[in-house]
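A structural walkthrough
As a plain string of letters, each chain reads:
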Amino acid sequence: MASKLMDLVYWRNMRWTGMVFTGLVMGLASLFQLSAITVLSHICLGIMCITAILRLYYKLLEVLRWNPGVHPFQSYLEYDSSLTDKETVMLVEELVLLIAFAVTEIKRLLFIENMIDSIKFVLLLYLLTYVGIATNGLTLIIAAVIVIFSLPLLYKKQQVRIRKVVRALKAFVKKIRNLFDSLYEMVRPSPAPASKPAPPATPAIKQKSKSK
């Protein structure tokens with residue numbers, strides 16, 4: 001499954017990727033005017049119009065004895081898309097681990113386990129408030145789909161330039177992080193010095209007077 005998704009994103013099959021990309025963008029864009037149920041129904045009706053015409057055409061060829069009775073979509077019907085028990089367990093385990101990791105990270109950020117990480121989370125939330133004012137979630141999903149299908153092609157054509165930009169961004173982020181770390185070290189109260197243990201009392205040396 002992962003290899004097929006990578007082939008789709010990296011445009012290794014131009015025709016199939018173009019169809020999927022166009023259908024996703026058009027389907028998401030139509031949600032601005034229509035409900036999700038209406039869009040899904042129209043997509044299914046459009047697919048069934050094409051498959052029904054092809055099925056009737058092949059049936060006509062079979063009646064005229066020009067076709068040995070081969071179903072036009074036999075390969076799709078025979079394709080086994082079910083999951084084995086092992087694959088199902090692995091998928092559920094990955095999903096549970098992902099949810100547990102997300103919950104742990106959110107708790108860590110909300111209850112300020114690490115001051116630097118919580119400050120960065122606050123800045124991210126503050127920026128998201130402006131993003132929410134300027135746009136909505138559906139627009140962000142469409143933009144994400146376009147970016148996912150466009151970045152691999154852009155990276156292939158501009159690989160050298162992109163690596164230079166990434167290195168510059170990493171250096172800038174490192175400087176900002178070092179600045180935050182230094183500020184945190186300046187603000188953080190210094191730990192109280194540990195009290196020195198009292199020296200043990202030395203026993204008095206008794207001198208025995210010699211009797212003359």
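Let's shift gears to a nonpolar patch on the surface. The grouping of Phe172, Val173, Ile176, Leu179, Leu183, Met186 and Val187 at the surface amounts to a nonpolar patch, some 720 Å² of accessible area in total. Here Ile176 lies in helix α8 (residues 159-187). Using a relative accessible area of 31% as the deciding quantity, one classes Ile176 as partly exposed.

Taking 1.5 Å of rise per residue, the 20 residues of helix α6 (residues 115-134) would be expected to cover 28 Å, and the 29 Å separating its terminal C-alpha atoms lies within 8% of that figure. Capping the start of α6, Asn114 holds a side-chain oxygen 3.0 Å from the backbone nitrogen of Ile116, two or three residues further along.

In this section: the packing of α6 against α8. The angle between the axes and the distance between the axes are what describe a pair of packed helices. The interhelical angle for the contact between α6 and α8, taken along N-to-C directions, is 120 degrees, at an axis separation of 10 Å. What the angle tells us is that α6 and α8 run oblique. With respect to the hand of their crossing, α6 and α8 are arranged in right-handed fashion. When α6 is examined against α8, the residues Met115, Ile116, Ile119 and Leu123 are found in contact with a partner set consisting of Phe180, Asp181 and Tyr184. Looking at side-chain class alone, the contact of α6 with α8 contains six nonpolar, no polar and one charged residues.

Bringing unusual backbone geometry into the picture now. The general pattern is negative phi for most residues beyond glycine and trans for most peptide bonds. At Trp11, a position not held by glycine, the phi torsion is positive, near 60 degrees. Within the fold, Trp11 resides in the loop between α1 (2-9) and α2 (14-30). Residue class for Trp11 comes out buried when judged on its relative accessible area of 16%. Of note in the backbone geometry, Ile112 takes a positive phi value of approximately 55 degrees without being a glycine. Here Ile112 is to be found in the loop between α5 (85-110) and α6.

When the terminal C-alpha atoms of helix α3 (residues 36-63) are compared, their 40 Å separation across 28 residues agrees well with the 40 Å that a helix rising 1.5 Å per residue should span. Backbone geometry just after α3 places Arg65 at a positive phi near 60 degrees.

Let us look at the side chain of Thr17. In this structure, Thr17 sits in helix α2. The class for Thr17 is buried, based on a relative accessible area of 1%. In terms of polar contacts, Thr17 uses its side chain to reach the backbone carbonyl oxygen of Leu8, at 3.1 Å.

Evaluated as defined, the whole model comprises six aromatic pairs. When the ring of Trp11 is compared with that of Phe149, the centres are 6.4 Å apart and the planes differ by 85 degrees; the resulting orientation is edge-to-face. Here Trp11 is found in the loop between α1 and α2, whereas its partner Phe149 is found in helix α7 (residues 137-157), with 138 residues between them in sequence. Each of the two residues, Trp11 as well as Phe149, counts as buried. Arranged with centres 6.5 Å apart and planes meeting at 50 degrees, the rings of Phe73 and Tyr76 form a pair that is tilted. In textbook terms, an aromatic cluster arises when at least three aromatic residues are bridged by ring pairs, as seen for Trp11, Phe21 and Phe149.

The rules behind these values
- Residues numbered from 1 in each chain as written.
- Predicted model: local features only at pLDDT ≥ 70, side-chain atom pairs only at ≥ 80, totals over all residues.
- Heavy atoms only, no water.
- Patch = residues over 30% accessible without salt bridge, like charges linked within 9 Å, V, L, I, M, F, W, Y side chains within 5 Å.
- Areas by Shrake-Rupley, 256 points an atom, 1.4 Å probe, with all protein chains shown as cover.
- Salt bridge = Lys/Arg side-chain N within 4 Å of Asp/Glu carboxyl O.
- Helix = DSSP H or I, 4+ residues; strand = E, 2+ residues; numbered from the N terminus.
- Buried < 20%, exposed > 50% of the residue type's maximum accessible area, 1.4 Å probe, protein only.
- Expected span 1.5 Å × (residues − 1).
- Polar contact = N/O pair within 3.5 Å; in protein donor to acceptor, adjacent residues only side chain to side chain.
- Axes fitted to C-alpha atoms, helices over the stretch in contact; angles between N-to-C directions.
- Parallel < 35°, antiparallel > 145°, perpendicular 65-115°, else oblique.
- Left-handed = near helix turned anticlockwise from the far one by under 90°.
- Contact = heavy atoms within 4.5 Å.
- Nonpolar A, V, L, I, M, F, W, Y, C, P; charged D, E, K, R; others polar.
- Phe/Tyr/Trp six-rings, centres within 6.5 Å; stacked < 30°, edge-to-face > 60°.

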